[in-house]
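A closer look at the structure
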Amino acid sequence: MSDKNVLVIGGAGFIGLHVVSQLLDDGWNIRIFDNMVRGDRDRANELVKTGRVDVVDQDIRNGVSIMEAMRGYDYVIHLAADSINKSVADPATSFDINVVGTHNVVSAAAALGVKRVVYASSASVYGDPEKLPMHEDDRLNPLTPYCIGKRTGEDILGYYQRRSGLSWIALRFFNVYGEGQKTTAYYTSVINHFVNRLKNGDAPVIDGEGKQSMDFIHVTDIARAVVLSLTAEEADQAINVGTGIDTSVAELARILIDAVGVDVEPVFNPRDVLVSRRAADVERAQRVLGFVASVDVRSGMTRLVQNS
Ligand SMILES: NC(=O)c1ccc[n+]([C@@H]2O[C@H](COP(=O)([O-])OP(=O)(O)OC[C@H]3O[C@@H](n4cnc5c(N)ncnc54)[C@H](O)[C@@H]3O)[C@@H](O)[C@H]2O)c1
């Protein structure tokens, strides 16, 4: 096997399939490890036909199977997780997958001498930010079992770096959107909600003044940051992956009205809402990964509407 071989855990999911596609373009051989609870099995099986992808249908909670699947692979991308929606309803399962499962992945990587682990963390580790843009060294305040699990995943990587010299990068993804996303996606469900209304000719309804904002980043940019992280010279740190721009819900509604091309005005539903805002400090991603987001929100959303 060439030395460009990578195990993509959670590789059949929304972000994973975009990552695998860019890895193929970049000449990598790929093993997808996914239990298919949210994965697209058909798409994964199609990728096998390239001759450079194979699929292991297993669970990261099974430490033996993760160790066996990782043997012979020099690089690991870990994207598997239980979703934020489910973590509040069932914290035990969330910790089992996101903490114990992640420990299985990271300890196996350390034991097998993997050259780099790239881990999907989340901007939600910051909690409600005290200032914008959000910097990697800001205080972390994870609020749900999912967010606690993500922060713990970063800590587990740090532990195996100190203990065994494991090289890692944790990417704190901001609000990812794009083709292939499930309609139940937590932070970005507002996109789907607005688009469905607009396609029926109905106006988007906004709670409050629509000032709450997100840093929407297109999934192809996220995938590029993941691939760059495999070979970045500087490692062993968390890195934000966002555009650096906060887009308010009111602005999003305008963008989607234009993208769908209907003649409606957003309806504001006056009530008190908690105005949370998000924007990534993107300096570290640029310096360490050479990464700058390339898809602006207007063109990314327009592309999404056209392809959905
Ligand atoms: N989508 C976002 O906006 C966003 C934001 C921040 C962080 N993230 C993180 O990025 C990663 C990928 O997110 P996504 O949106 O592609 O999610 P996704 O649910 O589409 O993909 C996750 C994949 O992991 C697999 N999986 C889940 N539990 C597993 C287990 N126990 N064993 C093996 N495989 C398992 C699923 O089948 C799925 O294919 C996740 O870790 C997520 O927490 C996503």
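Residues numbered from 1 in each chain as written. Predicted model: local features only at pLDDT ≥ 70, side-chain atom pairs only at ≥ 80, totals over all residues. Heavy atoms only, no water.

Some words on the pairing of strand 4 (residues 75–78)
This is how the line gets drawn: Type-normalised accessible area, obtained with a 1.4 Å probe on protein chains alone, sets the label of each residue: buried when under 20%, exposed when over 50%, and partly exposed for intermediate values. Strands are runs of DSSP state E lasting at least 2 residues, helices are runs of H or I lasting at least 4, and numbering of each runs from the N terminus. Strand pairing follows a simple DSSP-based rule, namely that at least 2 bridges must link the two strands.
Going residue by residue along strand 4, you find Y75 and I77 tucked away on one face and V76 and H78 tucked away on the opposite face as well. As judged from the four bridges shared by strand 4 and strand 5 (residues 116–122), these two strands associate in the parallel manner. Note on strand 5: the bridge partner recorded for V76 is V117.

Section: the site of the ligand
Threshold: It suffices for a single heavy atom of a residue to lie within 4 Å of a molecule or strand for the residue to be listed as near it. Polar contacts, as counted here, are pairs of nitrogen or oxygen atoms within 3.5 Å of one another; within protein the pair requires one atom able to donate a hydrogen and one able to accept it, and residues that are adjacent in sequence qualify only if both atoms are side-chain atoms. Each residue gets one of three labels, nonpolar for Ala, Val, Leu, Ile, Met, Phe, Trp, Tyr, Cys and Pro, charged for Asp, Glu, Lys and Arg, and polar for the others, Gly among them.
If you check the shell around the ligand, you find 27 residues, and the closest are D34, R38, Y146, K150 and K182. Contact between the ligand and D59: a nitrogen atom at 3.0 Å from a side-chain N or O atom of the residue. Of all the secondary structure elements, the ones that give two or more residues to the shell around the ligand are helix 1 (14–25), strand 5 and helix 6 (145–164). Among the elements that take part in the shell around the ligand, strand 5 stands out by supplying three residues, more than any other. By residue class, the composition of the shell around the ligand is 15 nonpolar, seven polar and five charged.

Structural notes on the packing of aromatic side chains
Keep this limit in mind: For this analysis, a ring pair means two rings from Phe, Tyr or Trp (six-membered ring only for Trp) whose centres lie within 6.5 Å, classed as stacked if their planes differ by under 30 degrees, edge-to-face if by over 60, and tilted for the remaining angles.
Per the counting criterion, the structure on display carries three aromatic pairs. Ring centres 5.2 Å apart and planes at 90° place the aromatic pair W28 and Y75 in the edge-to-face group. Of this pair, W28 sits in the loop between helix 1 and strand 2 (29–33) while Y75 sits in strand 4, and the two are 47 residues apart along the sequence. Where Y159 meets Y160, the ring centres are 4.9 Å apart and the plane angle is 80°; that geometry is what we call edge-to-face.

Quick notes on the domain arrangement of the protein
To keep it simple, the criterion reads: Domain limits in this description derive from either an automatic procedure or a database domain assignment. In what follows, residue pairs with any heavy atoms lying within 4.5 Å of each other are defined as contacts. For any pair of parts, buried area is found by adding up, for both, the accessible area (1.4 Å probe) each one loses once the two are put together. Any Lys or Arg side-chain nitrogen located within 4 Å of an Asp or Glu carboxyl oxygen qualifies as a salt bridge.
Here the protein is partitioned into domain 1 (5–175 + 217–241) and domain 2 (177–215 + 245–279 + 294–302). Each partner contributes to the interface: domain 1 provides 22 residues, whereas domain 2 provides 20 residues. Contact between domain 1 and domain 2 buries roughly 1900 Å² in total, counting both sides, with carbon and sulfur atoms accounting for 52%. The largest share of the area that domain 1 buries against domain 2 comes from F14, N175 and H218, three residues that together contribute 36% of it. Put simply, domain 1 and domain 2 have zero salt bridges between them.

A look at the nonpolar core
Let me state the cut-off plainly: Among buried residues, those of type Ala, Val, Leu, Ile, Met, Phe, Trp, Tyr and Cys that are joined through side-chain atoms within 4.5 Å constitute a nonpolar core.
Core analysis: the largest hydrophobic core is formed by 48 residues, its most contacted members being L23, I30, I77 and F173. Those residues in contact with F173, other than ones at most four positions away along the chain, are I15, L79, A120, S121, S122, A123, I222, V226 and V241. V56, M70, V99 and A108 belong to the second largest nonpolar core, which has 28 residues in total.

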